[in-house]
Amino acid sequence: MYALALFAVLSTLKQKPPLLFEVETPELWTSERDRYERPRDYKLPPEWKGPEHCFAEFCLFSKPDAGEGMALITTARNAYITANSFIPRSVGVEPTAFYEAEVPGKGTGLIANRTIRKGEIIMQRAPAMLIQSTPHLDLEPEVREKLYRDAVDRLPEPTRGRFLRQTGDTVYDKVEKNSFRMFVDGDRKQSLHLGLFPEVSKFNHDCRPNIFYRIANLTHTTVAVRDIPAGEELTVSYIYSQTPRSERQTQLSEWGFNCSCSQCALSALESGASDARIRQIDALEEEIESIMSKPGAEGMRPEMGGKLVELYVAERLDSYLGPTYTRAALIYSMFGNEERAREYANEAVAALERETGPHARDIESMAWLAENPKAHWSWAVKVTSGRGDTAAGNKTQARGN
Ligand SMILES: C[S@@+](CC[C@H](N)C(=O)[O-])C[C@H]1O[C@@H](n2cnc3c(N)ncnc32)[C@H](O)[C@@H]1O
């Protein structure tokens, strides 16, 4: 959804969109927006330096001890919002959990130093740099590079060194190759920013990654989506990777590299089977959505939920399991199958928390379903239609229907 909204924003700028990580950002800032609507003097807290080096309304602002050091190229209003937001200090697993090393064909990457468990938070970081998309797209290249270098100079060591070690020849190129889309105040057109997290940008890409990332306000979190043995590379996906191999590879070639991940390296036969599973997932999800929108969910079959989970697991799509387990739990609950509804609702709670954070929209509902299925809105709604499975039949009897 956000990717589409973003696409609309970028196409109105009539420029080639920068190559960025795809990101779904829960818009927690949106609710705060009204606080900043009135015209005012956006005076930053005294520890902040700036405005400096202004071009039109865009200036450089910086604070060496915000997070691990932060530089902003943005408007005074957006700098004010950022400076008054919660800025996390680095958190994560102890540094010995992973190390940097050369990975054949990929440059530097991060390798697990010990077993990392599913659900463990690997890093939590604030951006070292936030650049509003308008100056990034509109400034003259020489002016922009000079401004970006001034911004890098405002960063303290070791953050400056880490920033400069990111892949890319110029600072502009580093921004193009390593930034994440972020929004500062929920007003999409005005507030699209490119966020740089130099440590996070050491993760290489894999179409079936073992790490998922999420961004909420200024906090970038990376979390393990399966158990990772010592010696395995830690990877994220730079794109929405639930697509056939040729589509993924076209997207990644726009980044300027040919993907050499395990999923892209499958034989033609295995890759064909994987693409077929992706098409099966798409068709089944479409069917489930269409049935869900009909009165009485006419046409739903209990096994649809289990089949969907089976396909996701076979395809190793461990980063997209939250909505899948949620659908499966609801379908089994609708048919009054308590055991499977509870099992999938419990899985949904854990997966939603990994993928979207503790404020994920469906967590409360799934926790309730796992705890007390018979009190959930979805419970046995299909039983009275006479299409229930065995468990649903038992419930029908218990009710004396
Ligand atoms: C965000 S950086 C990742 C860290 C980078 N390897 C480094 O040395 O700093 C992205 C770059 O890493 C390389 N890369 C990442 N994932 C890759 C993959 N699956 N296959 C080949 N190259 C990859 C590409 O050169 C890409 O432009």
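Parameters at a glance
- Residues numbered from 1 in each chain as written.
- Predicted model: local features only at pLDDT ≥ 70, side-chain atom pairs only at ≥ 80, totals over all residues.
- Heavy atoms only, no water.
- Near = heavy atom within 4 Å.
- Polar contact = N/O pair within 3.5 Å; in protein donor to acceptor, adjacent residues only side chain to side chain.
- Areas by Shrake-Rupley, 256 points an atom, 1.4 Å probe, with all protein chains shown as cover.
- Helix = DSSP H or I, 4+ residues; strand = E, 2+ residues; numbered from the N terminus.
- Nonpolar A, V, L, I, M, F, W, Y, C, P; charged D, E, K, R; others polar.
- Phe/Tyr/Trp six-rings, centres within 6.5 Å; stacked < 30°, edge-to-face > 60°.
- Buried < 20%, exposed > 50% of the residue type's maximum accessible area, 1.4 Å probe, protein only.
- Lys NZ or Arg CZ within 6 Å of the ring centre and 35° of its normal.
- 1 Å grid on protein atoms, 1.4 Å probe; cavity = no way out; pocket = protein on both sides within 12 Å on 5 of 7 lines; lining within 4 Å.
- Points joined across faces, edges and corners; volume = space filled by probe spheres on them.
- Domains from an automatic or database assignment.
- Pairing = 2+ DSSP bridges.
- Axes fitted to C-alpha atoms, helices over the stretch in contact; angles between N-to-C directions.
- Parallel < 35°, antiparallel > 145°, perpendicular 65-115°, else oblique.
- Left-handed = near helix turned anticlockwise from the far one by under 90°.
- Contact = heavy atoms within 4.5 Å.

Could you give me a rundown of the site of the ligand, with the residues and numbers involved?
Around the ligand sit 16 residues in total, of which Lys106, Thr108, Lys202, Asn204 and His205 are the nearest. Side-chain polar atom of lysine 202 to an oxygen atom of the ligand: 2.5 Å apart, as the coordinates give it. Contact between the ligand and asparagine 204: a nitrogen atom at 2.8 Å from a side-chain N or O atom of the residue. Contact with the protein chains covers 90% of the free accessible surface of the ligand, which is 560 Å². Every element with two or more residues in the shell around the ligand is listed here: strand 6 (107–112) and strand 11 (204–205). Its residues assigned to classes, the shell around the ligand shows four nonpolar, ten polar and two charged.

I'd love a proper account of the packing of aromatic side chains, names of residues and values included.
Applying the stated criterion across every chain, the model contains nine aromatic pairs. Considering the side-chain rings of phenylalanine 180 and tyrosine 213, the 5.0 Å spacing of their centres and the 90° angle between planes classify their relative orientation as edge-to-face. Of the two residues, phenylalanine 180 is situated in strand 9 (residues 179–183) and tyrosine 213 in strand 12 (residues 211–216); the sequence distance between them amounts to 33 residues. Exposure class is identical for phenylalanine 180 and tyrosine 213. Each is buried. A ring pair is formed by tyrosine 332 and tyrosine 344, whose centres lie 5.8 Å apart and whose planes are at 25°; its orientation type is stacked. Taken together, the residues tyrosine 332 in helix 11 (residues 321–334) and tyrosine 344 in helix 12 (residues 338–356) connect sequence positions twelve residues apart. Pair check on accessibility: tyrosine 332 and tyrosine 344 agree, each one buried. Every member of this aromatic cluster is reached through a ring pair, and the members are Phe180, Phe197 and Tyr213. A cation over a ring is seen here: arginine 144 above tyrosine 172, with NZ or CZ 3.7 Å from the ring centre.

Please give an account of empty space enclosed by the protein that cites residues and values.
On inspection of all chains with the given rule, the structure shows two cavities of 30 Å³ or more. As a volume, the largest cavity reaches approximately 80 Å³. Of the residues assigned to the lining of the largest cavity, the class counts are five nonpolar, two polar and four charged. Lining the second largest cavity are Cys207, Arg208, Pro209, Ser241, Arg316, Leu317, Asp318, Ser319 and Tyr320. Per-class residue counts for the lining of the second largest cavity are four nonpolar, two polar and three charged. Counting contributing residues per domain, the lining of the second largest cavity is built from domain 1 (2–242) and domain 2 (268–399), each supplying no fewer than three.

Could you give an account of the pairing of strand 6, naming the residues involved and the relevant values?
Taken together, the six bridges between strand 5 (residues 98–103) and strand 6 define a ladder with antiparallel strand orientation. Its bridge partner lying in strand 6, glutamate 100 is registered against leucine 110. Adjacent in sequence and paired antiparallel, strand 5 and strand 6 are bridged by three residues, among which glycine 105 carries a positive phi angle near 80°. Pairing of strand 6 with strand 14 (residues 233–236) involves two bridges; the strand directions are antiparallel. Across the sheet, residue isoleucine 111 finds its bridge partner in strand 14, namely glutamate 233.

Break down the packing of helix 10 (residues 303–314) against helix 11 for me, with residues and values.
At their nearest, the axes of helix 10 and helix 11 sit 7 Å apart, and the two run at 160° to each other. In terms of orientation, helix 10 and helix 11 fall into the roughly antiparallel class. For the pair helix 10 and helix 11, the crossing hand works out as left-handed. For the pair helix 10 and helix 11, the contacting residues are Glu303, Met304, Gly305, Gly306, Leu308, Val309, Tyr312 and Val313 in the first and Leu321, Thr324, Tyr325, Arg327, Ala328, Ile331 and Tyr332 in the second. Residue classes in the contact of helix 10 with helix 11 are distributed as ten nonpolar, three polar and two charged.

Give me the lowdown on the sheet that holds strand 14, citing residues and values where you can.
In space, the four strands of this open sheet follow the order 5-6-14-11, with mixed pairing throughout. The open sheet has two free edges, formed respectively by strand 5 and strand 11, since each of these has just one partner strand.

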